[in-house]
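Listed here are the chains, written in short residue letters.
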Amino acid sequence: MILKNHGILTAGPSVESAAWWYIALENACQAQLLAEAAGTPTPIAHDVATLTHAQIGNPGGAHYAFQSLYDIVVRQHPEVLQ
C-alpha cells in the first residue's frame with residue numbers, strides 16, 4: 001500500500017514476510033521511477049507477473065527470501081543482535 005504523503009506500508013503474517021514485502025515494494029517503486037525517467041516503461045507480461053507472484057508472492061516465499069538477507073546482515077554486523 002502507498003499512503004499519500006507518508007510512503008509505503010506493508011503487513012504480513014510474520015515480521016519476516018512484512019519486512020521482505022516492504023523491501024520488494026521499495027525496490028519496485030525505485031525501478032518504476034527509474035523506468036519512467038528513462039522513457040515509457042514496458043509493462044511486464046501478465047503471465048510473467050502471475051508466475052513471479054506464485055513463486056515469491058506468498059508468505060512462505062517472502063519469509064524464505066527475507067531469511068537470506070537476515071543471515072547476511074547478522075554475519076556482517078553481529079552487533080545488531082545485542
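See the structure above.
Nothing here was measured: the structure is a model prediction, and the numbers come from that model. (Residues numbered from 1 in each chain as written. Predicted model: local features only at pLDDT ≥ 70, side-chain atom pairs only at ≥ 80, totals over all residues. Heavy atoms only, no water.)

Let us look at the environment of Gly57. With respect to the element layout, Gly57 can be found in the loop between α2 (46-56) and α3 (59-76). Expressed as a C-alpha distance, the spacing of Gly57 and Ser17, which sit 40 residues apart in the sequence, is 9.6 Å. Apart from the residues lying within four places of it in its own chain, the contact partners of Gly57 are Trp21 and Thr52. (Helix = DSSP H or I, 4+ residues; strand = E, 2+ residues; numbered from the N terminus. Contact = heavy atoms within 4.5 Å.)

For α3, built from 18 residues, the straight-helix expectation of 26 Å at 1.5 Å per residue is met to within 8% by its first-to-last C-alpha distance of 26 Å. Within α3, the full set of buried residues consists of Gly61, Ala62, Ala65, Phe66 and Val74. In the core, the buried residues of α3 are packed alongside α1 (15-38) and α2. Structurally, the start of α3 carries an N-cap: the backbone nitrogen of Gly60 is 3.1 Å from a side-chain oxygen of Asn58. (Expected span 1.5 Å × (residues − 1). Buried < 20%, exposed > 50% of the residue type's maximum accessible area, 1.4 Å probe, protein only. Polar contact = N/O pair within 3.5 Å; in protein donor to acceptor, adjacent residues only side chain to side chain.)

A word on unusual backbone geometry. One non-glycine residue, Asn5, lies in the positive phi region at around 65°. Positionally, Asn5 belongs in the loop between β1 (2-3) and β2 (7-8). Exposure remark for Asn5: the relative accessible area of 72% places this residue in the exposed category.

Once that is clear, we can look at the packing of α1 against α3. Relative to each other, α1 and α3 sit at 80°, their axes nearing to 8 Å. Regarding the angle of α1 to α3, the classification is roughly perpendicular. Across the interface between the two elements, Glu16, Ser17, Ala19, Trp20, Trp21 and Ile23 from α1 touch Pro59, Ala62, His63, Ala65, Phe66 and Leu69 from α3. Across the contact of α1 with α3, the residue classes break down as nine nonpolar, two polar and one charged. (Axes fitted to C-alpha atoms, helices over the stretch in contact; angles between N-to-C directions. Parallel < 35°, antiparallel > 145°, perpendicular 65-115°, else oblique. Nonpolar A, V, L, I, M, F, W, Y, C, P; charged D, E, K, R; others polar.)

Below, the discussion takes up the environment of Ala38. Turning to its location among the elements, Ala38 is positioned in helix α1. Residues Ala38 and Val48 lie ten residues apart in sequence; the distance between their C-alpha atoms is 22 Å.

Our next topic: the packing of aromatic side chains. Scanning the entire structure with this criterion turns up one aromatic pair. Centre to centre, the rings of Phe66 and Tyr70 are 6.4 Å apart; their planes meet at 35°, and the pair counts as tilted. Pair noted here: Phe66 and Tyr70 are both in helix α3, with a separation of four residues, about one helical turn. Since its relative accessible area comes to 15%, Phe66 is described here as buried. The exposure class assigned to Tyr70 is partly exposed, which follows from its relative accessible area of 35%. (Phe/Tyr/Trp six-rings, centres within 6.5 Å; stacked < 30°, edge-to-face > 60°.)

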